[in-house]
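Read off the chains here:
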Amino acid sequence: MSSITRRQAFALGAVAAVSACAAERPATKAAPAVPAPKPGRLFATTAAGLAVVDLAKGTVKAVYPAAVADGTWTTVHQLRDGRLRSYEPGTGALLADEPVDGRQIKAISPRMIAVGPPPGPRRRTRITLIGENGTRAVELDGNLDPEAFSSDGRAMYLLDHLPPEQPDRYRVRMYDLDAGKIGPLQTRDKRQVLPGTEEEMRGQGRQAVLDPAANVLYTLYTHQDDHLHTRDLVAGRDQSPGVHAFVHVLNLDQRWAYCLDLPAPFGLGPPEAHTIALDAAGRRLYSFDASTGGIVVASTDDQVIRRSGLLGKQPGGEAYAAAGGRRVYVAAGSQVLVADGETLAPLAAWALPGPARGVIWTAGELLVGAGDQVIRLDPDTGARLGAVALPGLRAVRHAERIPG
């Protein structure tokens with residue numbers, strides 16, 4: 001790993017006269033200074049675990065095997081050897097250490113953690129809930145996987161795999177922790193979904209993005225050949241619309257869900273070629289398919305696609321996206337593709353020194369995973385500002401700036 005330092009500017013203007021009547025030569029311009037990294041933290045998944053990087057020093061502060069961070073990235077939770085340990089990522093201080101029943105952290109929020117069994121056929125599921133009021137176990141019929149919580153910790157959202165012993169599809173359900181009951185979600189217009197009219201998904205959940213301000217979870221699904229949305233079932237329509245990809249919009253506090261259909265050819269290519277991103281204000285949702293180069297932007301106010309465009313194809317590998325500063329950035333293959341965030345017009349294509357491993361926009365800087373390193377790029381010009389070596393890098397996950 002190498003430290004990132006500011007370049008020194010040297011004055012080169014001293015000139016000697018050749019003769020009394022010779023003209024002075026112009027001074028050589030100083031090379032532009034590379035801005036020093038701002039204080040902050042980067043979280044990345046690596047082969048060794050969840051790594052926390054000091055952005056100012058360009059060094060790895062800590063690596064937590066088998067760990068995940070909460071939605072605010074202020075606490076890291078690690079499940080090993082039947083114990084759940086919580087750490088403060090800035091200092092590495094141990095905040096909690098207690099035994100738990102379960103093998104995987106399934107869902108996490110600042111108020112609640114759900115621990116359960118790994119994926120597999122089963123008719124009954126035991127979930128351990130760890131929260132502000134202690135630890136308790138919940139036994140539920142079905143093959144269930146916790147996915148998220150409401151901000152008040154009173155609702156837990158579950159993936160219900162059907163049929164439980166040989167799953168080939170799943171639906172999203174809500175468990176009311178106060179009432180101790182599982183029920184369907186509401187529609188976006190707050191209508192109760194009746195039994196038998198809940199949508200069932202047959203494809204693959206590719207990527208999830210949380211809007212922490214609105215507490216809305218956006219999940220991209222691909223290859224939904226036989227899928228029918230709740231709104232169609234409620235309306236009595238029983239024929240598949242032929243949707244191959246959509247974004248499942250789940251309002252965690254208001255308890256409603258909606259499916260934003262993506263136009264063909266979204267969903268026809270490899271799942272890993274698809275990605276989504278929210279802009280910094282949470283007002284625009286971008287979807288991109290690297291196998292075709294297609295990109296669309298939707299308004300999060302009404303979940304309606306506003307514009308579509310075409311960027312360059314990037315076959316092979318996973319695709320990632322980030323948005324900010326009125327631009328959208330897609331890292332795929334060995335390039336970063338840049339488009340105007342409003343018109344989706346292509347603006348630039350920047351080469352990467354290795355396969356894309358994620359992209360994060362921060363004010364004044366773009367952080368891109370490339371091979372076994374995270375490179376710092378100027379978000380306007382693509383100029384390289386520095387790099388941090390991260391052996392075994394799988395994906396950059398989150399970055400935050402620390403005032404200082």
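Residues numbered from 1 in each chain as written. Predicted model: local features only at pLDDT ≥ 70, side-chain atom pairs only at ≥ 80, totals over all residues. Heavy atoms only, no water.

A.B. asks: Mind showing me how you'd approach the packing of aromatic side chains here?
C.D. replies: The relative placement of two aromatic rings is captured by the distance of their centres and the angle of their planes. With the rule as written, the count across this model stands at five aromatic pairs. Centroid distance Tyr64 to Tyr87: 5.1 Å. Interplanar angle 40°. Geometry classified as tilted. With Tyr64 in strand S3 (residues 59-64) and Tyr87 in strand S6 (residues 83-87), the pair connects residues that are 23 residues apart, well separated along the chain. In textbook terms, an aromatic cluster arises when at least three aromatic residues are bridged by ring pairs, as seen for Tyr170, Tyr221 and Phe246. (Phe/Tyr/Trp six-rings, centres within 6.5 Å; stacked < 30°, edge-to-face > 60°. Helix = DSSP H or I, 4+ residues; strand = E, 2+ residues; numbered from the N terminus.)

A.B. asks: I would appreciate a short explanation of the sheet that holds strand S7 (residues 94-99) in the present structure.
C.D. replies: Within a sheet, adjacent strands bond to each other through the backbone by hydrogen bonds, running parallel or antiparallel. The strand order across the open sheet formed by four strands is S4-S5-S6-S7, and the pairing between neighbours is antiparallel. Where the open sheet ends on each side, the last strands, each with one partner, are strand S4 (67-69) and S7. Going from strand to strand, the sheet's axes swing by 20° on average, the running direction of each strand aside. Bridge count between strand S5 (residues 76-80) and S6: five bridges; the pairing is antiparallel. By the bridge assignment, Gln78 is partnered in S6 with Arg85. (Pairing = 2+ DSSP bridges. Axes fitted to C-alpha atoms, helices over the stretch in contact; angles between N-to-C directions.)

A.B. asks: Could you clarify how one ought to interpret the side chain of His161 in this entry?
C.D. replies: Positionally, His161 belongs in strand S13 (residues 155-162). Take His161: its relative accessible area is 17%, and that puts it in the buried class. Reaching out from His161, the side chain makes a polar contact with the side chain of Asp145 at a distance of 3.1 Å. Once residues lying within four places of it in the same chain are set aside, the contact partners of His161 are Asn143, Asp145, Pro167, Arg169 and Tyr170. (Buried < 20%, exposed > 50% of the residue type's maximum accessible area, 1.4 Å probe, protein only. Polar contact = N/O pair within 3.5 Å; in protein donor to acceptor, adjacent residues only side chain to side chain. Contact = heavy atoms within 4.5 Å.)

A.B. asks: Help me out: how do you make sense of the confidence of the model for the protein in this one?
C.D. replies: Interpretation of this model should avoid reading the predicted coordinates in detail wherever pLDDT is low. Per-residue pLDDT for the protein averages 85, and the proportion of residues at 70 or more is 85%. With pLDDT under 50 throughout, residues 1-28 is counted as low confidence; its partners more than four residues away or in other chains account for 24 contacts. A low-confidence stretch, residues 230-240 (pLDDT under 50), is modelled with 23 contacts involving residues beyond four sequence positions or located in other chains. (pLDDT = per-residue confidence, 0-100.)

A.B. asks: When you look at the sheet that holds strand S24 (residues 319-324) in this model, what are you seeing that I'm missing?
C.D. replies: Here we have four strands laid out as an open sheet, ordered S24-S25-S26-S27, and antiparallel in their pairing. Looking at the sheet topology across the chains shown, the edges are occupied by S24 and strand S27 (346-351). Sheet twist, expressed as the mean angle between neighbouring strand axes with direction ignored, is 20°.

A.B. asks: Got a minute to help me understand the environment of Asn251 in this structure?
C.D. replies: Within the secondary structure layout, Asn251 lies in strand S18 (residues 245-251). With a relative accessible area of 6%, Asn251 lands in the buried category. Distance from Asn251 to Leu185, taken between C-alpha atoms, is 9.8 Å for residues 66 residues apart in sequence. Ignoring any residue separated from it by four or fewer positions in sequence, one finds Asn251 in contact with Tyr157, Asn215, Val216 and Trp256. A polar atom in the side chain of Asn251 sits 3.2 Å from the backbone nitrogen of Asp253.

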